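Summary of the model geometry
Spelled out from the first residue to the last, the chains are:
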Amino acid sequence: MVIESVSSSVPERSVGTSDEQTPPTKAMEGDMPAANIGIPTGSDSESQDDDGNDGPTRRRRRRRRRRMPQTIAHRGSKASAPENSLLGFRAAVEGAGADAVETDLHLSRDGVVVLAHDATLRRCYGVGGRVRDRDWADLSALRSLREPREPLIRLVDLLGYLNEPARAGVWVMLDIKTHDDARELMQRTAETIASVPGIRPWSERILPCCWTAEYVKLAQELLPGYRISHVGFSTAYARALADSVPGLGVSVTAQGLAMPVLGSRFMRDMRRMRRPTYAWTVNDEDWMRWAVRHRLAGVITDDPRLFREVCRRMREEEGEDDEEDSSDNDTAKKIKERRRRSKGVDSDIFRVSLRARLVRAPRRLYAWARYFFFLLVASVVYFFRWGLPSRQVSKVLAS
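Residues numbered from 1 in each chain as written. Predicted model: local features only at pLDDT ≥ 70, side-chain atom pairs only at ≥ 80, totals over all residues. Heavy atoms only, no water.

Right, let's get into the overall build of the protein chain. Counting its regular elements, the protein chain contains 15 helices and nine strands. A total of 399 residues make up the protein chain; the buried ones form 49% of that total. When the accessible surface of the protein chain is totalled, it reaches about 19,600 Å², and 52% of it is carbon and sulfur. (Helix = DSSP H or I, 4+ residues; strand = E, 2+ residues; numbered from the N terminus. Buried < 20%, exposed > 50% of the residue type's maximum accessible area, 1.4 Å probe, protein only. Areas by Shrake-Rupley, 256 points an atom, 1.4 Å probe, with all protein chains shown as cover.)

Next comes the structure, spelled out in structure tokens:
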């Protein structure tokens, strides 16, 4: 199959504006410094003492040099536009100012790499059947159920959009799904990337994310020179891969990283190994603040604008902490008074009322219970089918 060029037609509503949609608004000026450019390497993570004996001064210094996690827009700006649509990616990049976009890869029947999270078309496009059972000509005619009704697009369309000087600093996280033939999908992905001459090397802007050791091995073979990340639910499997693959990043659910003992130890070990660690999918402000405090490399979120605002506010709070530590008594008193008054401002979207927290508590408890049940069942099934993750990973990578 011949990969279609970027100039191939993308349905017109995905790139232009119409009466039915409004172009994404410009990102907030000055809301965050442009320090987070490019895929995190792990070597730029902050140094950390793990003895637990930091005094107040050392904690303040470490807080002052804290690097905010990169903002990674999950399937585009899913909170404001149809997922995996060009409109959603525009909203994330041009509207919210995301550092990166995340998307999902599947294959059409005729070998075109398309952007779709589900293996089936029902949820997003309202039609039956699987992505891989239709040719691109059929898939390109589909429109999302969510308004404004956007077309399904290809990887080459997204790369074409990002291949402009104004967007040269934006990178892409590719969630490579496991529903297709592994080698064919990886081969088609590599061919598609090679078909778009980048204004910057794509190896600096594309991060393939692999669920299994098989895909990691294929990514090393077919995308040499690219950084690679694992994406998954289990910190045990992620650890096994990280121990076996030099430089591998890890992307794990926020709940997995927040698990008592296991999650904190995993994050600590990844920092020591200089491995970029990402959390998904983080949409709640409390979880966003948790991610910032734990100094993750990036946060994958449906609402990139909200996360950037959280980062901005936390940076301001830390700046006030520094000013309070170093200023005279009068200045410190003014800062404390300003904070006291701000706590009562109802219009502040980041001050959640007690009633709202109580309403959310049962939902969070249910979400945690569901996650732990799923992880327990998956772990038991995995163990009886493949054995310990470390053995299975070593076997696949050595084959």
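A contiguous nonpolar patch, built from Leu 376, Val 380, Phe 383, Phe 384 and Leu 388 and spanning about 530 Å² of accessible area, is present on the exposed surface. Checked against the element boundaries, Phe 383 lands in helix α14 (residues 354-386). Since its relative accessible area comes to 45%, Phe 383 is described here as partly exposed. (Patch = residues over 30% accessible without salt bridge, like charges linked within 9 Å, V, L, I, M, F, W, Y side chains within 5 Å. Salt bridge = Lys/Arg side-chain N within 4 Å of Asp/Glu carboxyl O.)

What the rule picks out here adds up to 22 salt bridges. Among the ionic pairs, Glu 309 bridges to Arg 312, the shortest N-O distance being 2.3 Å. Taken together, the positions of Glu 309 and Arg 312, both in helix α12 (residues 304-326) and three residues apart, correspond to about one turn of that helix. The residue Arg 312 makes a salt bridge to Glu 316 at a minimum N-O spacing of 2.6 Å. Of the two residues, Arg 312 and Glu 316 both sit in helix α12, four residues apart, roughly one turn of that helix. Overlapping salt bridges, with partners in common, bring together Arg 75, Lys 78, Glu 83, Asp 104, Asp 118, Arg 123, Asp 175 and Lys 177 in one network.

All right, on to the state of the cysteines then. Inspection of the entire model under this criterion finds zero disulfides. No disulfide involves Cys 210; its nearest neighbouring cysteine sulfur is the one of Cys 209, lying 7.2 Å away. Classification of Cys 210 by relative accessible area gives buried; the value is 0%. (Disulfide = S-S within 2.5 Å.)

For the rest of this paragraph, the subject is the layout of surface pockets. The space that makes up the largest pocket amounts to roughly 990 Å³. Together, 35 residues line the largest pocket, and Phe 233, Ser 234, Tyr 237, Ala 378 and Tyr 382 are the ones closest to its centre. Going through the elements one at a time, α7 (213-222), β6 (229-232), α8 (235-244), α10 (262-272), α14 and α15 (389-398) are the ones with two or more residues in the lining of the largest pocket. With 11 residues, α14 is the largest single contributor of residues to the lining of the largest pocket. Its residues placed into classes, the lining of the largest pocket shows 22 nonpolar, nine polar and four charged. Considering only enclosed or pocket space, the second largest pocket measures out at about 760 Å³ in volume. Considering the residues around the second largest pocket, the lining is formed by 22 residues, among which Gln 255, Thr 281, Trp 287, Ala 367 and Arg 370 are closest to the centre. Contributing elements (two or more residues each) for the lining of the second largest pocket: α9 (254-257) and α14. Sorting elements by how many residues they give to the lining of the second largest pocket places α14 first, with eight residues. Here the lining of the second largest pocket is built from residues that sort into nine nonpolar, five polar and eight charged. (1 Å grid on protein atoms, 1.4 Å probe; cavity = no way out; pocket = protein on both sides within 12 Å on 5 of 7 lines; lining within 4 Å. Points joined across faces, edges and corners; volume = space filled by probe spheres on them. Nonpolar A, V, L, I, M, F, W, Y, C, P; charged D, E, K, R; others polar.)

For the rest of this paragraph, the subject is α10. Taken together, the buried positions of α10 are Gly 263, Phe 266, Met 267, Asp 269, Met 270 and Arg 271. On its buried side, α10 packs onto α8, β7 (249-253), α9, β8 (277-280) and α11 (285-293). A positive phi of about 60° marks Arg 274, the residue just after α10. (Contact = heavy atoms within 4.5 Å.)

Every other side chain in a regular strand lies on the same face of the sheet, so the side chains alternate between the two faces. In terms of burial, strand β2 (residues 100-107) is largely enclosed, as eight of its eight residues are buried. Side chains Ala 100, Glu 102, Asp 104 and His 106 project from β2 onto one buried face, and the interleaved Val 101, Thr 103, Leu 105 and Leu 107 project onto a second face that is buried too. Relative to β2, strand β1 (residues 70-74) runs parallel, the two sharing three bridges. Paired with Ile 72 across the bridge in β2 is Ala 100. Bridging between β2 and strand β4 (residues 171-176) involves six bridges; their strand directions are parallel. If you follow Ala 100 over to β4, its bridge partner there is Trp 171. The pairing of β2 with strand β3 (residues 113-115) spans three bridges and is antiparallel. (Pairing = 2+ DSSP bridges.)

What follows concerns the confidence of the model for the protein chain. Taken as a whole, the protein chain shows an average pLDDT of 83; of its residues, 74% reach a score of 70 or greater. Note on residues 1-35: pLDDT is under 50 here. Beyond four places in sequence and across chains, it has 70 contacts. When the criterion is pLDDT under 50, residues 47-55 qualifies, and its contacts beyond four places in sequence or with other chains add up to 12 contacts. (pLDDT = per-residue confidence, 0-100.)

A few words on the side chain of Asp 175. Within the secondary structure, Asp 175 sits in strand β4. At 3.0 Å, the side chain of Asp 175 forms a polar contact with the side chain of Lys 177. The contacts of Asp 175, once residues within four sequence positions are left out, are Glu 102, Thr 103, Asp 104, Leu 105, Cys 209, Trp 211 and Val 231. (Polar contact = N/O pair within 3.5 Å; in protein donor to acceptor, adjacent residues only side chain to side chain.)

It is worth spelling out the packing of helix α6 (residues 182-194) against α7 at this point. Packing of α6 against α7 leaves a shortest axis separation of 10 Å and a crossing angle of 35°. Our pair here, α6 against α7, has a crossing hand that is right-handed. Residue-level inspection shows Ala 182, Arg 183, Met 186, Gln 187 and Ala 190 of α6 in contact with α7, the latter providing Glu 214, Tyr 215, Leu 218, Ala 219, Glu 221 and Leu 222. The residue inventory of the contact of α6 with α7, partitioned by class, reads seven nonpolar, one polar and three charged. (Axes fitted to C-alpha atoms, helices over the stretch in contact; angles between N-to-C directions. Left-handed = near helix turned anticlockwise from the far one by under 90°.)

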